[in-house]
Amino acid sequence: GSRIAKFFQPGSPDNVPPGTVIDNKVCHPRNNDFYMCAHAGMIGTIRPTHYHVLYDEIGFLADDLQELVHSLSYVTLLYSF
């Protein structure tokens, strides 16, 4: 089955700040995976995205890849028809 993860700030019901990455404790100990909360949301409504790195031919450091993914999460194409 699927699991839904939610992350909160310690001692607060508020969501974690935008750009928060969780890459230990709840992630697989050997696989390259991480959770990211890229955007802000109302209290208790944000659901992090779980990323799995399948193949990394460039050899990114974990922090660099996570920063790239966060930056790309703000890229939007707007089309005008």
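Thresholds, definitions, all that
- Residues numbered from 1 in each chain as written.
- Predicted model: local features only at pLDDT ≥ 70, side-chain atom pairs only at ≥ 80, totals over all residues.
- Heavy atoms only, no water.
- Core = buried A, V, L, I, M, F, W, Y, C linked by side-chain atoms within 4.5 Å.
- Buried < 20%, exposed > 50% of the residue type's maximum accessible area, 1.4 Å probe, protein only.
- Contact = heavy atoms within 4.5 Å.
- Helix = DSSP H or I, 4+ residues; strand = E, 2+ residues; numbered from the N terminus.

An unreviewed UniProt entry lists the chain under the name Piwi domain-containing protein, from Ambrosia artemisiifolia.

S.K.: What is the right way to look at the nonpolar core in this model?
M.R.: Burial of nonpolar side chains together is a common tendency in soluble globular proteins. Core analysis: the largest hydrophobic core is formed by 7 residues, namely F7, V16, I22, C27, Y35, C37 and I46. The residues touching I46, leaving out its near neighbours within four places in the chain, are K6, N15, C37, H39, A40 and G41.

S.K.: What exactly am I supposed to notice about the side chain of Q66 here?
M.R.: Within the element layout of this structure, Q66 appears in helix α1 (residues 62–72). Accessibility expressed as a relative area gives 8% for Q66, which makes it buried. If near-sequence neighbours (up to four positions away) are discounted, Q66 is found in contact with V21, D23, F34 and M36.

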